[in-house]
Amino acid sequence: MQDWSVKELSSLLKEKKTSSVEITTDYLASIKKKNPEINAFITVDENRSIAQAKLADERIQKGEGDTLTGVPIAQKDIFCAEDWLTTCGSKMLHNFIAPYDATVVKKFNEAGAVNLGKTNMDEFAMGSSNETSFFGAVKNPWDLSRVPGGSSGGSAAAIASRMCPGATATDTGGSIRQPASLCGLTGLKPTYGLVSRYGMIAFASSLDQAGPMAKSSEDCAMMLNVMAGFDPKDSTSIDHKKEDYTKNIDQPIKGLKIGLPKEYFAEGLDGDVAKLIEAAINQFKKLGATIVDVSLPNTNLSIPVYYVLAPAEASSNLSRYDGVRYGYRTSQYDDLMDMYSKTRQEGFGEEVKRRILIGTYVLSAGYYDAYYLKAQQIRHLISEDFKKAFQSCDVIMGPTAPSTAFKANEKIDDPVTMYLQDIYTIATNLAGLPGMSIPAGFVNKLPVGLQIIGNYFDEARMLNVAHQFQKATDWHKAMPEGALS
């Protein structure tokens, strides 16, 4: 049962061949057995999950079920969920019980999906390896000595180890696509503004975007149908016409123009990873696609731009955590300023403090024009690069990450090297474009992801392209050894 896809579970529930209680109980047993070693979940509430499953079964019996009614879904612990512990992977929020549901969580609840629990993550979504969480590092199910990627590594590891069929995730600079690549999954970052950010704890407000993660593009399409939609509670939400992302997923892709940026195949890309990406491109040729050479000349500037803008926004967003209103507060202090200082010093981890300091610096008087304003100007140039590229192609493809999953503790003490893991993903966030990663093969038994980048609000085409590839290959069906034991 644990290897069933979201689509398969939906069909079986609709046909009443199984029950949500039975499915949920099976996944909860899997979590209880595997999570102590993998550490993919921070919070699990069996009674609450089973109660949701019973309600879902009642809806199905009455003929009132939706597509995802009764299907268990895990929620990244960056989304507020009413009466659930919501930590964002930080000591600062280690005791915070959310008083309301994030819009994404609310939409899944309304659809009748079952919340299996809250997944582990890099603290405040800052990290590329899921090693910065206050609740401990997450392990990659393909090799427990390696990282699952971040910041949505908990969601990725939970799906890969078959503790859940699908999960929500967020992507600020690659945090859906990179862990999807490293764990052999399909992960989609939608166009900025397509999915509500209300109730999603903010890291960098102009970059953060929620999206689905699952085993296949078909599953992601079903989840995106629930997640997408205008939300008046979110000032960054875009009133885009509602779509059914499964409607044209089976259409052939003959005549599709695939843009290959030369910058994505330059120095820094692992040779074996490059070969697999080339093989995947050849598969698309067999499906009738044509290849177009494109250029994204400002790609090399995306990381320095990101690490000016994202910390600047984080510095502002995280200023609210002062020990006064909610969350962690230091136990001993002399006065108000001492309480502020000690609370933040003790409550934040090293990576979060590093980014707050960088962000405060670039926003300070005398440096704003030199760093922050200049970064915003280059961000515009990066967007223009994509705009020009899409004049000659339908989608852009390349590697998701420069290598397979690396060893735990290998890069944690070298922030710059760690930041380079997102070299191929950050530019899409800066431009607000949709991007996704799909499994494309293995190097030394470790998954490799192919990245697909679309034009604004072109998620349906991307999911169609990915689905046609997954119909012709079996990479997305592979699972780590022992995942079902």
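Located above this text is the structure these notes cover.
Here goes a summary of the coordinates provided. (Residues numbered from 1 in each chain as written. Predicted model: local features only at pLDDT ≥ 70, side-chain atom pairs only at ≥ 80, totals over all residues. Heavy atoms only, no water.)

**Things to note about the pairing of strand β8 (residues 290-294)**
- With five bridges joining them, strand β7 (residues 257-261) and β8 adopt parallel strand pairing. Note on β8: the bridge partner recorded for leucine 260 is aspartate 293.
- For the segment spanning β7, helix α8 (residues 271-286) and β8, crossover handedness is right-handed. (Pairing = 2+ DSSP bridges. Helix = DSSP H or I, 4+ residues; strand = E, 2+ residues; numbered from the N terminus. Right-handed = clockwise from strand over helix to strand, strands pointing away.)

**A closer look at the pattern of salt bridges**
- Within this structure, the stated rule accounts for 20 salt bridges.
- The partner of aspartate 66 in a salt bridge is arginine 59, with the nearest N and O atoms 3.2 Å apart.
- Using a relative accessible area of 22% as the deciding quantity, one classes arginine 59 as partly exposed.
- A cluster of three or more residues bridged by salt bridges with shared partners is formed by Glu351, Arg354 and Arg355. (Salt bridge = Lys/Arg side-chain N within 4 Å of Asp/Glu carboxyl O. Buried < 20%, exposed > 50% of the residue type's maximum accessible area, 1.4 Å probe, protein only.)

**With respect to the side chain of histidine 476**
- Relative to the helices and strands, histidine 476 resides in the segment after α15 (459-472).
- In this structure histidine 476 comes out as buried when scored by relative accessible area, which is 10%.
- Here histidine 476 is in contact with Lys215, Ser216, Pro439 and Gln470, once residues within four sequence places are set aside. (Contact = heavy atoms within 4.5 Å.)

**Quick look at the packing of aromatic side chains**
- Considering all chains together, one arrives at 17 aromatic pairs under this definition.
- Judged by centre distance (5.1 Å) and plane angle (55°), the rings of tryptophan 142 and phenylalanine 442 are tilted. With a gap of 300 residues between them, tryptophan 142 in the loop between β3 (114-119) and α5 (153-160) and phenylalanine 442 in strand β10 (residues 435-443) connect regions that are remote in the sequence.
- An aromatic cluster of three or more residues is present, and its members are Phe96, Phe124, Tyr321, Tyr326 and Phe348.
- The lysine or arginine in question, lysine 411, covers the ring of phenylalanine 406, its NZ or CZ lying 5.1 Å from the ring centre. (Phe/Tyr/Trp six-rings, centres within 6.5 Å; stacked < 30°, edge-to-face > 60°. Lys NZ or Arg CZ within 6 Å of the ring centre and 35° of its normal.)

**Regarding the environment of valine 448**
- Looking at the secondary structure, you find valine 448 in strand β11 (residues 446-453).
- When the C-alpha positions of valine 448 and asparagine 120 are compared, they lie 22 Å apart, and in sequence the two are 328 residues distant.
- In this structure valine 448 touches Ser181, Val273, Leu276, Ile277, Thr404, Ile438, Pro439, Ala440, Gly441 and Val443, once residues within four positions along its chain are discounted.

**Structural notes on the nonpolar core**
- Of all hydrophobic cores here, the largest spans 139 residues; its most connected members are Phe124, Phe386 and Met397.
- Looking at which element gives the most residues to this core, the answer is helix α9 (residues 302-317), with nine residues.
- If we skip the residues at most four places from it in the chain, phenylalanine 386 touches Tyr264, Leu296, Ile396, Ala427, Thr428, Ala431, Leu433 and Ile453. (Core = buried A, V, L, I, M, F, W, Y, C linked by side-chain atoms within 4.5 Å.)

**As for the environment of serine 155**
- Here serine 155 is to be found in helix α5.
- Sequence separation between serine 155 and phenylalanine 265 is 110 residues; the distance between their C-alpha atoms is 29 Å.
- Look past the residues within four positions of serine 155 in its chain and what remains in contact with it is Lys76, Thr119, Asn120, Ala167, Thr168 and Met213.

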